[in-house]
Every structure is written in C-alpha cells, then in structure tokens.
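Structural overview
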Amino acid sequence: AVTLQANAATEGPTEQLKPTLQRLIEIVTDPALQGDAKKTERRQIIMATVSDRFDFKEMSKRVLGPTWREIDAQAQEEFVRQMTKLLENNYIGQLENYSGERIEYVGERVKQERAQVSTLIENKGAKYPVHYIMSKDGDKWMVYDINIEGVSLIRNYRAEFKSILLQQNFDGLMQTLVAKNKSFEQ
C-alpha cells in the first residue's frame with residue numbers, strides 16, 4: 001500500500017486527469033444512460049465524477065474576481081452552488097452530445113503548482129483543442145479552468161458577470177444566475 005501512495009503522489013496532472021475524462025466518456029456513451037429519461041441520473045453520475053477533479057469553488061472565486069472578497073461565506077456558498085449548476089448545464093450539456101470518438105493527450109506544461117494539460121477531442125471527424133488548467137492541492141491536481149478552442153471558461157464568465165455586477169450588483173447577478181439555471185430545466 002505504501003508504494004501505491006508514493007505513486008499517486010508522483011503522478012503528474014495528465015495521469016490524474018486521464019481517468020476522470022475516461023470515466024466521463026464511458027458515462028456519456030453508456031447505452032443504459034442515454035436519452036432524456038436518463039438525464040437526471042446521467043448528470044448526477046457525471047457531476048460526482050467531475051467533482052473529484054474539478055475545483056468548482058476555485059472556478060467560482062476566479063469568475064467573481066474582487067467581488068468574492070466583498071460577500072459573506074453564505075453568499076459565496078450560494079454563488080458556488082449556482083455557478084456549478086451553470087457549468088453543469090452549459091459544459092456537461094455540450095459533453096452529452098459527444099459521440100465517443102476519442103481524446104488525444106498532446107501536451108503538459110507544469111510550472112510549480114500550476115499545470116496545463118492539452119488535449120484534442122475528436123468528435124464527428126473534427127478535432128477540437130481543449131486545455132485543462134490545473135492547480136496542485138496537496139498531492140492532487142485540480143482543474144480550475146477549461147480553455148475550449150481558445151476560449152477560457154473563467155475569462156468568458158468573468159466578462160459576462162462584470163457588466164451585470166456593474167449594473168445590478170451581486171444580488172442582481174444571483175437573480176440572473178438562478179433564472180439562467182431555471183431556463184435550462186424547462
């Protein structure tokens with residue numbers, strides 16, 4: 001058991017990310033989990049899988065920027081919950097259209113406690129670059145940003161939310177997020 005732990009501690013970001021992405025592909029291509037009737041169950045399994053490797057609190061903190069420090073712990077918690085739901089609706093929604101061709105791991109850059117794992121996702125004959133931006137938390141590499149075809153998930157939401165924050169403050173942003181998440185459920 002000691003050697004297993006030593007190996008886990010020395011595993012780089014790519015080795016740690018691979019099983020999570022592999023599991024996601026298994027879930028979205030599993031015939032028993034296909035279709036709208038299975039959507040809730042499928043999403044629960046997907047979210048349980050990604051929660052182990054994706055740091056939704058760090059994503060939320062970075063999306064909110066300086067406003068994060070201005071709100072209390074309860075508001076932070078609620079923001080993380082709504083932000084996680086939005087990511088689930090948007091990005092997991094896209095993932096569910098994946099037809100299971102393959103993921104190619106094309107590079108890894110590590111600089112101290114930060115890393116980027118670069119992949120090419122092949123879907124319906126086309127290849128899309130997806131970069132996973134990770135930070136080290138103890139022995140664990142956690143994803144806190146995803147860059148899809150040159151677009152950073154965090155920068156994208158930060159820009160979108162910044163204008164809402166300027167016009168309507170944090171409460172307005174929360175109302176917008178809640179409404180956006182509800183619209184996905186309809």
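Quick look at the structure, then.

Thresholds, definitions, all that
Residues numbered from 1 in each chain as written. Predicted model: local features only at pLDDT ≥ 70, side-chain atom pairs only at ≥ 80, totals over all residues. Heavy atoms only, no water. Helix = DSSP H or I, 4+ residues; strand = E, 2+ residues; numbered from the N terminus. Rg over C-alpha atoms; globule rule 2.2 N^0.38 Å. Buried < 20%, exposed > 50% of the residue type's maximum accessible area, 1.4 Å probe, protein only. Expected span 1.5 Å × (residues − 1). Bend = angle between axes of the 7 residues up to and from the residue. Contact = heavy atoms within 4.5 Å. Polar contact = N/O pair within 3.5 Å; in protein donor to acceptor, adjacent residues only side chain to side chain. Pairing = 2+ DSSP bridges. Axes fitted to C-alpha atoms, helices over the stretch in contact; angles between N-to-C directions. Parallel < 35°, antiparallel > 145°, perpendicular 65-115°, else oblique. Nonpolar A, V, L, I, M, F, W, Y, C, P; charged D, E, K, R; others polar.

On to the overall build of the protein. Scanning the protein from terminus to terminus reveals seven helices and five strands. Listed N to C, the secondary structure of the protein is α-α-α-α-α-α-β-β-β-β-β-α in terms of helices and strands. Relative to a compact globule of 186 residues, whose C-alpha radius of gyration would be 16 Å, the protein shows 17 Å and is just as compact. For the protein, the spread of C-alpha atoms along the three principal axes comes to 50 × 40 × 35 Å. Among the 186 residues that make up the protein, the fraction classed as buried is 43%.

We now examine helix 7 (residues 153-185). Between the first and last C-alpha of helix 7 there are merely 22 Å, a value that for 33 residues lags more than 12% behind the 48 Å anticipated at 1.5 Å per step. The principal kink in helix 7, of about 120 degrees, is found at glutamine 168. Along helix 7, the residues classified as buried are Leu153, Ile154, Tyr157, Phe161, Ile164, Leu165, Phe170, Gly172, Leu173, Met174, Leu177 and Asn181. Close packing links the buried residues of helix 7 with helix 4 (56-64), helix 5 (67-70), helix 6 (73-95), strand 4 (140-148) and strand 5 (151-152). Two to three positions downstream of the cap, the backbone nitrogen of isoleucine 154 sits 3.3 Å from a side-chain oxygen, assigning the N-cap of helix 7 to serine 152.

It is worth spelling out the sheet that holds strand 5 at this point. Overall, antiparallel pairing links the five strands, which are arranged 1-2-3-4-5 in an open sheet. Two strands bound the open sheet, and with one partner strand each, they are strand 1 (102-111) and strand 5. Strand direction decides the pairing type here: strand 4 and strand 5, joined by two bridges, are antiparallel. Note on strand 5: the bridge partner recorded for asparagine 147 is serine 152.

This part is about the packing of helix 6 against helix 7. Contact geometry of helix 6 with helix 7 gives a least axis separation of 10 Å together with a crossing angle of 70 degrees. When the axis of helix 6 is compared with that of helix 7, the two are roughly perpendicular. Split into classes, the residues belonging to the contact of helix 6 with helix 7 amount to 15 nonpolar, five polar and four charged.

As paired strands, strand 1 and strand 2 (residues 114-123) are joined by nine bridges and run antiparallel to one another. Residue glutamate 104 lies in a different strand from strand 2, and its bridge partner there is leucine 120.

For glutamate 149, which is not a glycine, the phi torsion comes out positive at approximately 50 degrees. Note on placement: glutamate 149 falls in the loop between strand 4 and strand 5. Notably, asparagine 169 is not glycine yet its phi reads approximately 60 degrees, a positive angle. In this structure, asparagine 169 sits in helix 7.

As a further point, take the environment of alanine 159. As for its position among the elements, alanine 159 is in helix 7. For the pair alanine 159 and valine 63, spaced 96 residues apart in sequence, the C-alpha separation works out to 8.4 Å.

Once that is clear, we can look at the environment of aspartate 55. For aspartate 55, the position within the fold is in the loop between helix 3 (39-51) and helix 4. The sequence separation of aspartate 55 and methionine 134 amounts to 79 residues, and the corresponding C-alpha distance is 9.0 Å. If near-sequence neighbours (up to four positions away) are discounted, aspartate 55 is found in contact with Met142 and Val143.

Before going further, it helps to spend a moment on the environment of asparagine 181. With respect to the helices, strands and loops of the structure, asparagine 181 is situated in helix 7. Apart from residues no more than four positions distant in its own chain, asparagine 181 is found in contact with Gln82, Lys85, Leu86 and Asn89. Looking at asparagine 181, its side chain comes within polar contact range of the side chain of asparagine 89, at 3.0 Å.

Glancing now at the packing of helix 2 (residues 13-29) against helix 3. Helix-helix packing: each pair is described by the crossing angle between the helix axes and the interaxial distance. In the contact formed by helix 2 and helix 3, the axes pass within 10 Å of each other and the chain directions differ by 175 degrees. As judged from the angle between their axes, helix 2 and helix 3 are roughly antiparallel. Residue-level inspection shows Thr20, Arg23, Leu24, Ile27 and Val28 of helix 2 in contact with helix 3, the latter providing Arg42, Ile45, Ile46, Thr49 and Val50. Across the contact of helix 2 with helix 3, the residue classes break down as six nonpolar, two polar and two charged.

Worth remembering: the numbers are spatial, not functional.
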